[in-house]
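Secondary and tertiary structure notes
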Amino acid sequence: MTALLEAVALSRSFGATKALDTVSLGLHSGELLGLVGPDGAGKSTLLRAMMGLIAIDAGEARVLGVPWEKAPADSRERLGYMPQHYGLYTDLSVDENLRFFASLFDIPKDIFQQRRTRLLALMQLERAADRPAGALSGGMYKKLAIACALLHRPQALVLDEPTNGVDPVSRRELWGLLYEFVHDGMGVLVSTPYMDEAARCSRVALLHQGHLLAHGEPAALVAGFAHDVIEVEGTDRRALEPFLEAQDGVVALTPAGERLRVVVRREVRQQVEGQLRAMGARVVEGRADFEDLYLSLVASRGAA
Amino acid sequence: MIDLVSLAAIVRKEFIQALRDRRMLAMLLGIPVLQIIIFGFAANLEFNRADTVFVDEDRSEESRDFLRGLTAEKTFLAHGVVTVAEMERELRNGTSQVGVVVPRGFGRRVEGVEAATVQAFVDGSDPTRAVAATAALEQYASRRTLEALRGLGGVAGVARVTFEPRLLYNPSLKSRLFMVPGTAASILVILTTIVTAMGLAREREVGTMEQLLVTPIRPLTLMVGKTIPYAVFGLVDVTLILVVGNLVFDVPMRGGVAVVYLGALVYLVSTLGVGLLIATVVETQQQALMVGFFFLLPAILLSGFMTPIEAMPRWIVPLTYLNPVRYFVAILRAVLLRGAGLRDVAEPMGSLAALSLGVLLLSAARFRRTLG
């Protein structure tokens, strides 16, 4: 199956900074692909490059199997995109924004009316139809932006940090919407800085300083995690931290409430645990999550 | 090349945004009217008065009579009879602009029908006024001479040749009639260039350009759509300026209105085109403003609006051929003041059209479909 959007060994630099270093990633129909990484990892640059919005230094960005330079004129009509920052007109109302983007996609009036009614209902924006887009809350604005990106019924939807700056309730609603789209056969590519959102995707790609650290199904990635996770508590954390940091076998260390989460190499786990108990600490078995995975991958990249 | 549905959408969006933004609306419609009134009154190059001090070293009946006659001219506003030192101080600090020194022996020479010299000091730091004051002084002196000749009964024997000038188009030589068309052209270029450049830079800066670029809109459609509303506002401004110019400053409309609007339309294409061109080289609104002023200042100064192009050094003149303001000032003056028709202004109109086309093509070629 041809990928809807595809990056092939794609590189792009800004001055001396390599924003993307030979990244390959494809988005297919019926999948929810998550692009996960902290701020500055190169997520927006990758999405923009895949959308044909920026020039690339090396590699290729393809739309439906064709490089952007040779893409047919109607390629844009198959894609919906929501930029990270405000891309709608804040001084235009919800309705005016919808109508404006509908005209740019040449959607006939009657079809527009049907879709407008459905999208406003879906996004629960009916009562805000006359409000200026700039006066909407963060969550409502993102919903409007998604509505604008969906007006022309794209095959692929690309959303740059749709849940950033959105309250938890709206965030859950947004994910619910995305599942519906994917269920209907759309390919959705979402970027997020939140590791906990990775598990919600059907496939994730972890990005760090322009490098693709890993990609695959979230469950498989976590299951394939090579290290153990333990949680340490019960004694002075200030004493434990320097000790753990000095251990070769400790891959990552994160405070979690009263406890310290420790990612540790399997072969040295027993030894580290023994020393911790000797220091008066209690050790509890932890469950590896995406953050552990990400941090370990970053650490091993740094070591390599 | 241009998709009409998208074009209409962009134009409608621009109008909604401009009409909703009160500050923008004030800038587009209020400020031009205000400026034409203020500049119209201020741009008055007529020399009407010079504060004048006198030094009378002769203290004779003749010298007093000579000075009395000079002040009767109205041009020279008497600031009193002073010493040489006082006169120098007055000229230096700008209280007076003219100092007249009648030397000792003036009365005796006049009495004896000899040639007499009166010294005049004129403040040359304002050349326009200095030239006019000097001319008025010379005129006064020659009139005195003629009167003296007439008194001697010798006037009949002198073969006098005089010009009888008839001033066309602006018989009272009001500089306002000359200045208002220039001001109109300047206001239009400032407004349309800056608004267009900043409007596009804003889309880039705020991020709406990113959303526009993922739609199937073609660059040319976007460019034309962003400029049409401001061309309309520009034509409304032309109307406002012509009406205000006529009501407040008696600027006539001797030629055809259609020629003025045709000229204005072609002119606006070039100024909006320059705005678009600026937008293709900047990233932010602030940069657009800066680059805009780098263009506007020379464009206005080298337009012949204040100083005639013919008086500029020869190496500068070719630069003015690339200046749209130059042509529109010429067209406006010709049509408004001299009643010129389309045929009379064919040359500036043709040049302006060629320039507009060139600017438009250049900005279209430079307009990118990517963010960077």
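On a predicted model such as this, the values are computed, not experimentally measured, just so you know.

Some thoughts on the interface of chain B and chain A
Listed as interface residues are 21 residues of chain B and, on the opposing side, 25 residues of chain A. Those elements that place two or more of their residues in the side of chain B that touches chain A are α1 (4-20) and α8 (208-213) of chain B. Among the elements that make up the side of chain B that touches chain A, the one with the highest residue count is α1(B) (7 residues). Split into classes, the residues belonging to the side of chain B that touches chain A amount to 9 nonpolar, 8 polar and 4 charged.

Here we look at the pairing of strand β10 (residues 211-216) of chain A
All names here are of chain A. Relative to β10, strand β9 (residues 203-208) is paired through 5 bridges, and the arrangement is antiparallel. Residue Ala205 lies in a different strand from β10, and its bridge partner there is His215. What sits between the antiparallel neighbours β9 and β10 is a turn of 2 residues, in which Gln209 has the positive phi angle 45 degrees.

Things to note about helix α2 (residues 22-42) of chain B
Residues and elements named next belong to chain B. Across its 21 residues, α2 extends 28 Å between first and last C-alpha, which sits within 8% of the 30 Å expected from 1.5 Å per residue. The principal kink in α2, of about 40 degrees, is found at Gly30, preceding the proline Pro32 by one to four residues. Regarding α2, the residues found buried are Leu28, Pro32, Ile36 and Gly40. For α2, the secondary structure elements touched by its buried residues are α1, α7 (175-206) and α9 (219-249).

Some words on the domain arrangement of chain A
Segmenting chain A into domains produces domain 1 (5-216) and domain 2 (226-287). Just the C-alpha atoms count here: the centres of domain 1 of chain A and domain 2 of chain A sit 40 Å apart.

Observations regarding the domain arrangement of chain B
With domains assigned, chain B is organised as domain 1 (4-44 + 174-366) and domain 2 (50-157). With centres defined by C-alpha atoms, the gap from domain 1 of chain B to domain 2 of chain B works out at 49 Å.

Rules behind the numbers
Residues numbered from 1 in each chain as written. Chains lettered and ligands numbered in written order. Predicted model: local features only at pLDDT ≥ 70, side-chain atom pairs only at ≥ 80, totals over all residues. Contact = placed C-beta atoms within 7 Å. Helix = DSSP H or I, 4+ residues; strand = E, 2+ residues; numbered from the N terminus. Nonpolar A, V, L, I, M, F, W, Y, C, P; charged D, E, K, R; others polar. Pairing = 2+ DSSP bridges. Expected span 1.5 Å × (residues − 1). Bend = angle between axes of the 7 residues up to and from the residue. Buried ≥ 20, exposed ≤ 12 C-beta atoms within 10 Å, placed from the backbone. Domains from an automatic or database assignment.

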